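Spelled out from the first residue to the last, the chains are:
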Amino acid sequence: MIGQLALRYLLNTIYTILFVIATPWLIVQAWRTGKYREGWPEKLFGRIPSRNSTRPCVWFHAVSVGELQLLRPLIQEFQQRWPAWDIAISSTTVTGRKLARESYPNLYTFYAPLDFSWAVTNVFRRLRPNLLVLAELELWPNLLLLAQKNAVDVAIVNGRLSEHSFKGYRKIRPLTQLILPTIKLIAAQNQAYADRFTQLGAIADKVHITGSIKFDGANPDRNHPEVRQRRQWAHLDDRQKVWFVGSTQEPEEQMAMDIFLRQKKEFPSLKMIVVPRHAERFQAVADLLQASGLKIARRSELDSAGPSSWDVLLIDTIGELRWWWGVADLATVGGSFGTRGGQNMIEPCAYGACVSFGPNTRNFKDIVTELLQYDAATQLPDSQALESWLVTNLRSPEAARRQGDLAAAWVSKHLGATNRTADLLAELIDFHQFTAPNPLVSRDAA
């Protein structure tokens, strides 16, 4: 215990120094982009509203929008299986917090604490959870060590440990060997990730392979009411082809716009939909699109008195991407022609769109490998290849449909990770099912 106490003080000191160094940058970003302006009492001090219920409680943590959407099918499954439990959901970013509040208005949502021991301790004291479920990979030492001290079981679901992250964690293996054994369940996406967790110190019989929950969260139905509603908002009909460029980062919007302008002459019925990855870039992307001279519409205007005729539609809202993919004939997944390392390509594949992405997909290495093996998507080296791909598939819609069918079939064969994960969580939940809420024996805020 003395060793862990010393470690907590050391970590607090390091975090404080880093926070002080980062403060000027945070202030500038808050002024320029609107980020980092809210949630500081919760983040820095754990001052979340106290939970007064006497029911057992599970705390799901999702860093941002992507992780929150990933957890959606698991949260729904949890609600069905264990309705007697309270559910709390935390996120780190403004967009994640906003989506959590909108998606789960009846659940307990809050900003996750930074890994200062006093903030984490306050959250445990006020929330009194029995189980903490982390999405993909969140190895914060104080969070995990204080969870163990306060008798809170921890599970990692959809566990993901890329080769790049693994190399980084290996440099601090003495720390990972201390914190990973505290985790009661690691539901890893595949064998490679599972092996990396155990090599870093996780207990082997606590690590299981479940597949990726992302497949279960993808909707395959183009006739879903949410998809049909968006087609109506956008005034789309079957005669029009939609090139959907989603989860973009700079300069992918400009690249797509240049291609679209050149090809609009040959394919006058072609429409393009653009979805930037980050909300703070919506206005900048809108300005870029307006400069093209084409008819531009914004999603935020469509369900009121928005335009019925447009060439390019900008999706400037949060949390809807999973439905908008369903209107795509041809889909290009962004973050892959720049430096980000790719974005989730499972959702457009599930709808049977003809999918492409760029050369930088390190964040989805295993998924991309499988997609290419099944000829279910196309990886492209540069913007010139992207333009050739677009033209080829517009001229040969049958070939595009064939690849889209292969993509949908590929997604279908990966379903079931949510049920497998819930079955594993059941072993932890059974222990708490009929017990009183966690009394939190620890009261110190060191």
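Predicted model only: the values in this text are computed from it and were never measured. (Residues numbered from 1 in each chain as written. Predicted model: local features only at pLDDT ≥ 70, side-chain atom pairs only at ≥ 80, totals over all residues. Heavy atoms only, no water.)

**Student:** What's the story with the sheet that holds strand β12 (residues 330-333) in this structure? I'm lost.
**Tutor:** Either a parallel or an antiparallel arrangement is found when strands of a sheet pair, and the pairing is made through backbone hydrogen bonds. Taken together, seven strands build an open sheet; the order of strands is β10-β11-β9-β8-β12-β13-β14 and the sheet is parallel. Edge strands, defined here as strands with exactly one partner in the open sheet, are β10 (296-298) and β14 (378-379). As paired strands, strand β13 (residues 354-357) and β14 are joined by two bridges and run parallel to one another. Looking at β14, one finds that Phe357 is bridged to Gln379. (Pairing = 2+ DSSP bridges. Helix = DSSP H or I, 4+ residues; strand = E, 2+ residues; numbered from the N terminus.)

**Student:** Would you mind going over the environment of Asp329 with me for this structure?
**Tutor:** By the secondary structure assignment, Asp329 is in the loop between α15 (321-324) and β12. With 22 residues separating them along the chain, Asp329 and Tyr351 place their C-alpha atoms 9.2 Å apart. Asp329 has contacts with Gln240, Lys241, Val242, Ala353 and Cys354, leaving out every residue within four places of it along the chain. (Contact = heavy atoms within 4.5 Å.)

**Student:** Help me out: how do you make sense of unusual backbone geometry in this one?
**Tutor:** Working note: non-glycine residues mostly have negative phi, and peptide bonds are mostly trans. Cis geometry marks the peptide bond from Glu250 to Pro251; its omega dihedral reads 5°. Within the chain, Ala151 stands out as a residue other than glycine whose phi angle is a positive 60°. Within the element layout of this structure, Ala151 appears in the loop between α6 (141-149) and β5 (153-159). Residue class for Ala151 comes out partly exposed when judged on its relative accessible area of 47%. Phi is positive for His235, which is not a glycine, with a value near 55°. Structurally, His235 is set in the loop between α11 (225-234) and β8 (241-248). Here His235 falls in the partly exposed class, since its relative accessible area comes to 40%. (Buried < 20%, exposed > 50% of the residue type's maximum accessible area, 1.4 Å probe, protein only.)

**Student:** What is the right way to read the pairing of strand β2 (residues 86-91) from this model?
**Tutor:** Moving residue by residue along a regular strand, the side chains alternate between the two faces of the sheet. Judged by how many residues are buried, β2 sits mostly within the fold: six of six residues are covered. Residues Asp86, Ala88 and Ser90 of β2 are buried on one face, and the alternating residues Ile87, Ile89 and Ser91, pointing to the opposite face, are buried as well. As defined by bridge partners, strand β1 (residues 57-61) adjoins β2 across five bridges and the pair is classed as parallel. From the neighbouring strand, Cys57 faces β2, where its bridge partner is Asp86. Alignment of β2 against strand β3 (residues 108-111), held across four bridges, turns out to be parallel. Each residue of the ladder has a partner; that of Ser91, found in β3, is Tyr111. Crossover connection from β2 via helix α4 (residues 94-103) to parallel β3: handedness right-handed. (Right-handed = clockwise from strand over helix to strand, strands pointing away.)

**Student:** Honestly, the pattern of salt bridges in this entry has me stumped. Any pointers?
**Tutor:** Pairs may arise between side chains of opposite charge once their charged atoms sit close together. Following the criterion strictly, the structure yields 18 salt bridges and no others. Between Lys264 and Asp311 there is a salt bridge, with its nearest N and O atoms 3.4 Å apart. Taken together, the residues span a long stretch of sequence, with Lys264 in the loop between α12 (252-263) and β9 (270-276) and Asp311 in the loop between α14 (299-302) and β11 (312-314) at a distance of 47 residues. The pair Lys264 / Asp311 is uniform in exposure class, with both members buried. Ionic contacts of the salt-bridge type, sharing partners, join the residues Glu226, Arg230, Arg299 and Glu320 into one network. (Salt bridge = Lys/Arg side-chain N within 4 Å of Asp/Glu carboxyl O.)

**Student:** Can you walk me through the packing of helix α5 (residues 117-127) against α6 in this structure?
**Tutor:** Two numbers describe a pair of packed helices, the interaxial angle and the distance between the axes. The geometry of α5 relative to α6 is characterised by a closest axis approach of 9 Å and an angle of 45° between their N-to-C directions. One way to sum up the angle between α5 and α6 is to call them oblique. Crossing handedness for the pair α5 and α6: right-handed. When α5 is examined against α6, the residues Ser117, Val120, Thr121 and Phe124 are found in contact with a partner set consisting of Asn142, Leu143, Leu146 and Ala147. Here the contact of α5 with α6 is built from residues that sort into five nonpolar, three polar and no charged. (Axes fitted to C-alpha atoms, helices over the stretch in contact; angles between N-to-C directions. Parallel < 35°, antiparallel > 145°, perpendicular 65-115°, else oblique. Left-handed = near helix turned anticlockwise from the far one by under 90°. Nonpolar A, V, L, I, M, F, W, Y, C, P; charged D, E, K, R; others polar.)

**Student:** Explain the side chain of Asn158 to me, please; I cannot follow it from the model alone.
**Tutor:** You can see Asn158 is positioned in strand β5. One polar contact links the side chain of Asn158 to the main-chain amide nitrogen of Ile213, over a distance of 2.6 Å. (Polar contact = N/O pair within 3.5 Å; in protein donor to acceptor, adjacent residues only side chain to side chain.)

**Student:** What am I meant to see in a nonpolar patch on the surface here?
**Tutor:** Residues Leu10, Ile14, Ile17, Leu18 and Ile21 make up a contiguous nonpolar surface patch of about 490 Å² in total accessible area. Within the fold, Leu18 resides in helix α1 (residues 2-33). (Patch = residues over 30% accessible without salt bridge, like charges linked within 9 Å, V, L, I, M, F, W, Y side chains within 5 Å. Areas by Shrake-Rupley, 256 points an atom, 1.4 Å probe, with all protein chains shown as cover.)

**Student:** Before we go on, may I ask you to explain the sheet that holds β5 in this structure?
**Tutor:** Across the sheet, which stays open at both edges, the seven strands sit in the order β3-β2-β1-β4-β5-β6-β7 with parallel pairing between neighbours. Every other strand in the sheet has two partners, leaving β3 and β7 (207-209) as the edge strands with one partner each. This sheet shows a mean twist of 20° between the axes of neighbouring strands, independent of strand direction. As paired strands, β5 and strand β6 (residues 185-188) are joined by three bridges and run parallel to one another.

**Student:** Got a minute to help me understand the environment of Ala188 in this structure?
**Tutor:** By the secondary structure assignment, Ala188 is in strand β6. The spacing of Ala188 and Thr248 is 60 residues in sequence and 28 Å in space, taken between C-alpha atoms. Not counting residues within four places of it along the chain, the set of residues in contact with Ala188 comprises Gly159, Tyr193, Ala194, His208, Ile209, Thr210 and Gly211.

**Student:** Looking at this model, I keep getting lost on the packing of aromatic side chains. Mind explaining?
**Tutor:** We describe a pair of aromatic rings using the distance from one ring centre to the other and the angle between the two ring planes. By the definition in use, this model includes 13 aromatic pairs. Aromatic side chains Phe78 and Trp82 sit 4.8 Å apart centroid to centroid with 55° between the ring planes, which places their arrangement in the tilted category. A single burial state applies to Phe78 and to Trp82, both of which are buried. Taking NZ or CZ as reference, Arg47 lies 4.8 Å from the ring centre of Phe45, over its face. (Phe/Tyr/Trp six-rings, centres within 6.5 Å; stacked < 30°, edge-to-face > 60°. Lys NZ or Arg CZ within 6 Å of the ring centre and 35° of its normal.)

**Student:** Explain the confidence of the model for the protein to me, please; I cannot follow it from the model alone.
**Tutor:** Any segment with low pLDDT has predicted coordinates that should not be analysed in fine detail. Across the protein, pLDDT averages 92, with 95% of residues at or above 70. Within the model, pLDDT remains below 50 along residues 441-446, and this stretch shows 18 contacts once partners closer than five positions in the same chain are excluded. (pLDDT = per-residue confidence, 0-100.)

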